[in-house]
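An overview of the molecular structure
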Amino acid sequence: MDQIVTQLEQAILTGELAQGQKLSEQALSDRFGVSRGPLREAIRTLEGRHLVERTPFSGVRVVQLSLDDMEQLLTTREALEGMASRQSAENMTLHETRQLRAGLVAFEDSFRREGIDGVLRARSADNDLHMLIVRGSRNRWLTDIICNELYPLLQICRFQSTVAAVRTRQRIEAVHREHEAIIVAIERRDADAAEAAMRAHLLASRNNLMAQLRGEAGASGVAGG
């Protein structure tokens, strides 16, 4: 069933299954070559991650996120990852901080070779800088909320924002400096600086992404609520 969950989740995150789209069990069963039993279990798993929603008498649909939803998610992320960075500065091992350095180098290499779209497509839970920091906090509650609930919802928007890649290229040098500041603070075991650096980084990212989304919504005449 894990494979079905992964395939279904990827179809949602990349926009193959659009926000608000109704899910047909028969169509998905045929598409993935599975019976309806495992498919229903996979859908229930994604319900738990808030990627799909079940409405009485209407069936199951891919979640539809408004601009307000996105801003609230990003604001929540800023607070939670700030706390995770604080705890990572206190708890990460030397080996883990070296992994952060390696992750930063890998991110920069991927960006230079493929641009931001390639980074978003190729990165994994093992090398994602933010994932490493969250897990390095040693706080399983934070890790579960951020990695399993917040990140999938935010990825829907990242993959489907049509102008994000262009504007992120313009910001990539600033992102590199922000990542560097976070890592330096964690390496120095400076919890206050680590939290402040992560919050500043995510605030700048939130402002950047919301400007993109509002511009897209304005161009298409979509309301923000």
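Anything mentioned here points back to the structure above.
Residues numbered from 1 in each chain as written. Predicted model: local features only at pLDDT ≥ 70, side-chain atom pairs only at ≥ 80, totals over all residues. Heavy atoms only, no water.

1. Concerning the packing of helix α2 (residues 25-32) against helix α3 (residues 36-48)
Note the following rule: Axis definition: a line fit to C-alpha positions, over the contact stretch in the case of helices; interaxial angles, taken between N-to-C directions, run 0 to 180 degrees. The helix count covers DSSP runs of H or I at least four residues long, the strand count covers runs of E at least two residues long, and both are numbered beginning at the N terminus. Between 65 and 115 degrees an angle is taken as roughly perpendicular, under 35 as roughly parallel, over 145 as roughly antiparallel, and anywhere else as oblique. Whether two residues are in contact is decided by their heavy atoms, any of which lying within 4.5 Å being enough. The residue classification treats Ala, Val, Leu, Ile, Met, Phe, Trp, Tyr, Cys and Pro as nonpolar and Asp, Glu, Lys and Arg as charged. All others, Gly included, are polar.
It is at 10 Å that the axes of α2 and α3 come closest, and there the two elements cross at 105°. The angle between the axes of α2 and α3 places the two elements in the roughly perpendicular class. Residues Glu25, Gln26, Leu28 and Ser29 of α2 pack against Arg36, Leu39 and Arg40 of α3. In terms of residue class, the contact of α2 with α3 is built from two nonpolar, two polar and three charged.

2. Here we look at the packing of helix α1 (residues 2-13) against α3
Helix packing geometry: the angle between the two helix axes and the distance between the axes. Quick note on the threshold: Two helices cross in a left-handed way if the nearer one is turned anticlockwise from the farther one by less than a right angle. They cross in a right-handed way if the turn is clockwise.
Relative to each other, α1 and α3 sit at 55°, their axes nearing to 9 Å. Considering the angle they form, α1 stands oblique to α3. The way α1 lies across α3 gives a crossing that is right-handed. Between α1 and α3, the residues in contact are Ile4, Val5, Leu8, Glu9 and Ile12 and Pro38, Leu39, Ala42, Ile43, Thr45 and Leu46, respectively.

3. Concerning the nonpolar core
Within soluble globular proteins, side chains that are nonpolar generally end up buried alongside one another. Going by this rule: Buried residues of nine kinds, namely Ala, Val, Leu, Ile, Met, Phe, Trp, Tyr and Cys, make up a nonpolar core once their side-chain atoms join them within 4.5 Å. Type-normalised accessible area, obtained with a 1.4 Å probe on protein chains alone, sets the label of each residue: buried when under 20%, exposed when over 50%, and partly exposed for intermediate values.
Counting residues in hydrophobic clusters, the biggest one holds 40 residues, and the most contacted among them are Ile12, Leu17 and Ile146. Contributions of two or more residues to this core are made by α1, α2, α3, β2 (59-62), α4 (67-91), α6 (129-136), α7 (140-160) and α9 (191-220). Of all the elements, α7 adds the most residues to this core, at eight residues. Leu129, Leu132, Ile183 and Ala191 belong to the second largest nonpolar core, which has 16 residues in total.

4. Notes on the environment of Met198
Mapped onto the fold, Met198 is located in helix α9. Here Met198 falls in the buried class, since its relative accessible area comes to 0%. In the structure, Met198 is positioned 115 residues away from Met83 in sequence and 8.9 Å away in space, judged by C-alpha atoms. Sequence-distant contacts of Met198, defined by excluding residues within four places in its chain, comprise Glu81, Gly82, Ser85, His130, Ile133 and Ile182.

5. Side note on the pattern of salt bridges
Using the following cut-off: A pair is scored as a salt bridge if a Lys or Arg side-chain nitrogen falls within 4 Å of a carboxyl oxygen belonging to Asp or Glu.
Under the criterion given, the structure shown has 17 salt bridges. Ionic pairing is found between Glu16 and Arg31, a salt bridge with its closest N-O pair at 2.5 Å. You can see Glu16 sitting in the loop between α1 and α2 and its partner Arg31 sitting in helix α2, a full 15 residues away along the chain. Of the charged contacts in the structure, one is a salt bridge between Glu78 and Arg206, with a shortest N-O distance of 2.9 Å. You can see Glu78 sitting in helix α4 and its partner Arg206 sitting in helix α9, a full 128 residues away along the chain. Across this residue pair, the class does not change: Glu78 and Arg206 are buried. Residues joined in a network through salt bridges with shared partners are Glu71, Glu78, Arg86, Asp192, Glu195, Arg199, Arg206 and Arg214.

6. Some remarks on the side chain of Asp128
To keep things clear, this is the line we draw: In the analysis that follows, any N or O atom pair within 3.5 Å is treated as a polar contact, provided that within protein one partner can donate a hydrogen and the other can accept it, and provided that, for residues neighboring in sequence, both atoms belong to side chains.
Note that Asp128 resides in the loop between α5 (94-122) and α6. One polar contact links the side chain of Asp128 to the main-chain amide nitrogen of Met131, over a distance of 2.8 Å.

7. Considerations on α6
Buried residues dominate α6, accounting for seven of its eight residues. Buried within α6 are the following residues: Leu129, His130, Met131, Leu132, Ile133, Val134 and Gly136. The backbone nitrogen of His130 lies 3.1 Å from a side-chain oxygen of the residue at the head of α6, namely Asp128. Arg138, located one to two residues past α6, shows a positive phi value of around 65°.

8. Description of the pairing of strand β1 (residues 52-55)
For the record, the criterion: Strands are labelled as partners when DSSP assigns at least two bridges between them.
Pairing of β1 with β2, which is carried by four bridges, proceeds in the antiparallel orientation. The partner of Thr55 across the bridge, within β2, is Gly59. What sits between β1 and β2 in their antiparallel hairpin is a turn of three residues, with Phe57 showing a positive phi close to 65°.

9. Observations concerning unusual backbone geometry
The phi angle of most residues is negative, glycine excepted, and most peptide bonds adopt the trans form. Positive phi outside glycine occurs at His50, with the angle close to 65°. Relative to the helices and strands, His50 is located in the loop between α3 and β1. His50 sits in the partly exposed class, given a relative accessible area of 39%. The backbone of Arg189 sits at a positive phi, close to 60°, despite the residue not being glycine. Here Arg189 lies in the loop between α8 (164-187) and α9.

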